[in-house]
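Residue-level listing of the chains:
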Amino acid sequence: MEYWDIYDINKQRTGRTMERNDFTMQEGDYHLTVLGVIMRPDGKFLITQRALDKHWAPGWWEVPGGGVTAGEDSRDAVIREVMEETGLDVSGCEGGLQFTYRRESKGDNYFVDVYRFVLDFKDEDVTPQLAEMTGYMLADRSQIEAFAAEGIFLHYDSIKEVFDD
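In short, a report on the structure. Since the model is a prediction, treat every value here as computed from it, not as a measurement. (Residues numbered from 1 in each chain as written. Predicted model: local features only at pLDDT ≥ 70, side-chain atom pairs only at ≥ 80, totals over all residues. Heavy atoms only, no water.)

**A look at unusual backbone geometry**
Then, in step 1: Non-glycine residue Lys11 carries a positive phi angle of around 60°.
Then, in step 2: Tracing the backbone through its elements, the reader meets Lys11 in the loop between strand E1 (3–7) and strand E2 (13–19).
Then, in step 3: A residue is classified by how much of its surface remains accessible, and Lys11, at 26% relative accessible area, is partly exposed.
Then, in step 4: In the Ramachandran plot, His155 falls in the positive-phi region, its phi being about 70° despite a non-glycine side chain.
Then, in step 5: Examined against the element boundaries, His155 turns out to sit in the loop between helix H2 (141–149) and helix H3 (156–159).
Then, in step 6: With a relative accessible area of 30%, His155 lands in the partly exposed category. (Helix = DSSP H or I, 4+ residues; strand = E, 2+ residues; numbered from the N terminus. Buried < 20%, exposed > 50% of the residue type's maximum accessible area, 1.4 Å probe, protein only.)

Here is the structure:
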């Protein structure tokens, strides 16, 4: 069973944990998620298409990411998530944490640490985790904005500034 740390409103660990995806949180409790935006030096971004059997937003486009496990550091989590989902190692890359946003929803309060890394890679370097995604593409900002305009790019309104130059 996987556990998440519980954070307070100031994004400080409380010392308590919860089972992953147990969305019966107390008011004022939060969990932490990370997103890893990978940009090539040519300005293209690696985006992934969610698997069609996903409960939430199947087939939508997104960037790699996921939950931070109990005791795990945010940066370690984003490196792990990117590696698991794409096979790319961003541990030594230029870039890092860009910003954090917070969402509150009945029983599911969370912070999202948004990272951006610059990595020179080729298509053949990407090994998609097919349990999580149907595929991927290298997209420029206008392509990402087009998916967002269609309403099929997850988190876009919350992270759009990470695609700025």
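That was the structure; now back to the text.
**Describing the nonpolar core**
Then, in step 1: Counting residues in hydrophobic clusters, the biggest one holds 21 residues, and the most contacted among them are Ile38, Leu46, Val78, Leu88, Val90, Leu119 and Phe121.
Then, in step 2: Mapped by element, the contributors of at least two residues to this core are strand E3 (31–39), helix H1 (74–86) and strand E8 (110–118).
Then, in step 3: The element best represented in this core is H1, accounting for four residues.
Then, in step 4: Beyond its immediate chain neighbours, meaning those up to four positions away, Val90 contacts Ile38, Arg75, Ile79, Val82, Phe117 and Leu119. (Core = buried A, V, L, I, M, F, W, Y, C linked by side-chain atoms within 4.5 Å. Contact = heavy atoms within 4.5 Å.)

**Let's talk about the packing of aromatic side chains**
Then, in step 1: The final tally for this structure, using the stated rule, is seven aromatic pairs.
Then, in step 2: Residues Tyr30 and Phe111 carry aromatic rings whose centres are separated by 4.9 Å and whose planes lie at 40° to one another, so their mutual orientation is tilted. Of this pair, Tyr30 sits in the loop between E2 and E3 while Phe111 sits in strand E8, placing them 81 residues apart in sequence. Accessibility assignment for this pair places Tyr30 and Phe111 in one class, buried.
Then, in step 3: Between Tyr115 and Phe117 the ring centres are 5.8 Å apart and the planes differ by 5°, which places this aromatic pair in the stacked class.
Then, in step 4: Residue classification places Phe117 among the buried positions, given a relative accessible area of 0%.
Then, in step 5: What links up through ring pairs into an aromatic cluster is the set Phe45, Phe153, Tyr156 and Phe163.
Then, in step 6: We note Arg40 situated over the ring of Phe121; from NZ or CZ to the ring centre the distance is 5.8 Å. (Phe/Tyr/Trp six-rings, centres within 6.5 Å; stacked < 30°, edge-to-face > 60°. Lys NZ or Arg CZ within 6 Å of the ring centre and 35° of its normal.)

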